[in-house]
Amino acid sequence: MGLADGGFRNANERHRYLHVYDEVRALTSQPDVVHDIRTEFGEVRVCQHGPAGGPPVVLIHGFYLTSAMWWEQIRGLTSGFTVYTLDMLGQPGASTQTKAMTKPAQCARSIDAVLQHLDLRDVHLVGHSYGGWLATHTAALVPSRLSTLTLLDPAHTVARLSPQFWRSLALLLTRPHSARAEHAAAWVTGHPPPGSSIAMLTRLFLAGFAAFGPPRRTAPLLFPPDRALRSVHVPVQVLLAGNTIHDPDRAVRRIQSVVPAWHHRLWSQASHSLPIEAADEVNACIRSFAIAHSGGA
């Protein structure tokens, strides 16, 4: 296993994984354009929904969730915006990593390279979970193409991940075929009802750990110091879940103390699958924040 395999354990595992990936992607309307963009770290798959030239919303997915997670945002935002979803390098999905990214700055550069290739400016960057961590570093380090930043229950960004999350991750990485790993995956995604769309996403999340190697060739998920948050100068909103993988009250207190200009909102009963569970409200927040800070859409 290595970069030559795109991070998958072998070709058969990749094939099995992409079958599940395609099933979840079928929840989303077909993209208007599919871009495969070469960067210094590998080829990034980007799906574009809507004609080029609209106010751009760029969606960065959560850990091992892929661009397939965004069906509700694509449904709700493509009227008025052009929506782009990325499969991040260093993660399972349709992108292929060819060079290790060991620092957050390199991950940020890979995202910025995509925006440059697509010639996107005044971008409304949205990240869920791990994608929120990536989006925060992008806004802090290479912000020139960004207009706003929306963080959807960001992981290890405004509050530290809980001990239960780290235990769950250890199970998923070491025993992905076990019943305990299935339970851990369901806990992360809010114990969705069997047969639901979120349950399909949970299956994809779990399949990633079975098929893809440990994420050793991407930057470790280190908790950003206060100065990193303060270095973000674009408008930021943080949308938080109450029943999730970190302490939301600590997240609110840190925002209020460290970056009081950041907007925040808490859904006390929502799980980490907030973008799907409260899709209409989340989409309304993304839309209204973008309009307030760009005058578009």
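Residues numbered from 1 in each chain as written. Predicted model: local features only at pLDDT ≥ 70, side-chain atom pairs only at ≥ 80, totals over all residues. Heavy atoms only, no water.

> Honestly, the UniProt feature "domain: AB hydrolase-1" (unreviewed entry) in the protein chain in this entry has me stumped. Any pointers?
In the numbering adopted here, UniProt assigns the feature "domain: AB hydrolase-1" (unreviewed entry) to residues 55-171. The span residues 55-171 carries 36% helix and 21% strand; its end-to-end C-alpha distance comes to 41 Å. (UniProt positions renumbered as here; feature names shortened; annotations may be inferred. Helix = DSSP H or I, 4+ residues; strand = E, 2+ residues; numbered from the N terminus.)

> Any chance you could explain the side chain of Thr85 here in plain terms?
The residue Thr85 is located in strand β4 (residues 82-86) in this model. Non-local contacts of Thr85, meaning those with residues more than four positions away in its chain, are made with Arg25, Arg45, Val46, Cys47, Leu59, Ser67, Trp70 and Ile74. (Contact = heavy atoms within 4.5 Å.)

> Help me understand helix α5 (residues 163-174) in this model?
Residues three or four positions apart in an α-helix share a direction because the helix packs 3.6 residues into each turn. Here α5 is twelve residues long and its end C-alpha atoms lie 17 Å apart, about the 16 Å a rise of 1.5 Å per residue gives. Close packing links the buried residues of α5 with α6 (179-188) and α7 (197-211). (Expected span 1.5 Å × (residues − 1).)

> What exactly am I supposed to notice about α7 here?
Compared with the 21 Å implied by 1.5 Å per residue over 15 residues, the 21 Å span of α7 between its first and last C-alpha is a close match. Of all 15 residues in α7, twelve are buried; the element is thus mostly enclosed. Buried residues of α7: Ile198, Ala199, Leu201, Thr202, Leu204, Phe205, Leu206, Ala207, Gly208, Phe209, Ala210 and Ala211, and no others. Next to the buried residues of α7 lie α1 (11-25), α2 (71-77), α5, α6 and α10 (274-277). (Buried < 20%, exposed > 50% of the residue type's maximum accessible area, 1.4 Å probe, protein only.)

> What should I look at first to understand the nonpolar core in this one?
Nonpolar side chains tend toward joint burial in soluble globular proteins. Val58, Leu149 and Trp262 are the most contacted members of the largest nonpolar core, which totals 95 residues. If you tally residues by element for this core, the top one is α7, at eight residues. The residues contacting Trp262, other than those within four sequence positions of it, are Leu151, Val158, Leu229, Val232, Val236, Val238 and Ile255. (Core = buried A, V, L, I, M, F, W, Y, C linked by side-chain atoms within 4.5 Å.)

> What should I look at first to understand unusual backbone geometry in this one?
Most peptide bonds adopt trans geometry, and most residues besides glycine take a negative phi value. The backbone phi angle of Asp153 is positive, close to 45°, even though this residue is not glycine. Secondary-structure assignment places Asp153 in the loop between β7 (146-152) and α5. A positive phi is found at His191, a non-glycine position, where the angle reads about 50°. Among the structural elements, His191 can be located in the loop between α6 and α7. The exposure class of His191 is partly exposed, given its relative accessible area of 43%.

> Looking at this structure, how should I read the packing of aromatic side chains?
The description of two aromatic rings rests on the distance between their centres and on the angle between their planes. Here the structure, examined in full by the defined rule, presents eleven aromatic pairs. Relative to Tyr64, the ring of Phe63 lies with its centre 4.5 Å away and its plane at 20°, an arrangement referred to as stacked. In this pair, the class of Phe63 matches that of Tyr64, namely buried. Here the aromatic cluster, defined as three or more aromatic residues joined through ring pairs, consists of Phe8, Tyr17, Tyr21, Phe63, Tyr64, Tyr130, Trp133, Phe205, Phe209 and Phe212. (Phe/Tyr/Trp six-rings, centres within 6.5 Å; stacked < 30°, edge-to-face > 60°.)

> Where do I start with the packing of helix α3 (residues 104-117) against helix α4 (residues 130-141) in this structure?
At a minimum axis distance of 8 Å, the contact between α3 and α4 shows a crossing angle of 85°. If you check the angle between α3 and α4, you find them roughly perpendicular. Of the residues in α4, those in contact with Pro104, Ala105, Cys107, Ala108 and Ile111 of α3 are Trp133, Leu134, His137, Thr138 and Leu141. Considering only residue class, the contact of α3 with α4 consists of eight nonpolar, two polar and no charged. (Axes fitted to C-alpha atoms, helices over the stretch in contact; angles between N-to-C directions. Parallel < 35°, antiparallel > 145°, perpendicular 65-115°, else oblique. Nonpolar A, V, L, I, M, F, W, Y, C, P; charged D, E, K, R; others polar.)

> I keep staring at the packing of α5 against α7 and nothing clicks. Help me out?
Contact geometry for α5 and α7: axes closest at 7 Å, N-to-C directions at 55°. When the axis of α5 is compared with that of α7, the two are oblique. Across the interface between the two elements, Leu169, Leu172 and Leu173 from α5 touch Phe205, Leu206 and Phe209 from α7. For the contact of α5 with α7, the class distribution of residues is six nonpolar, no polar and no charged.

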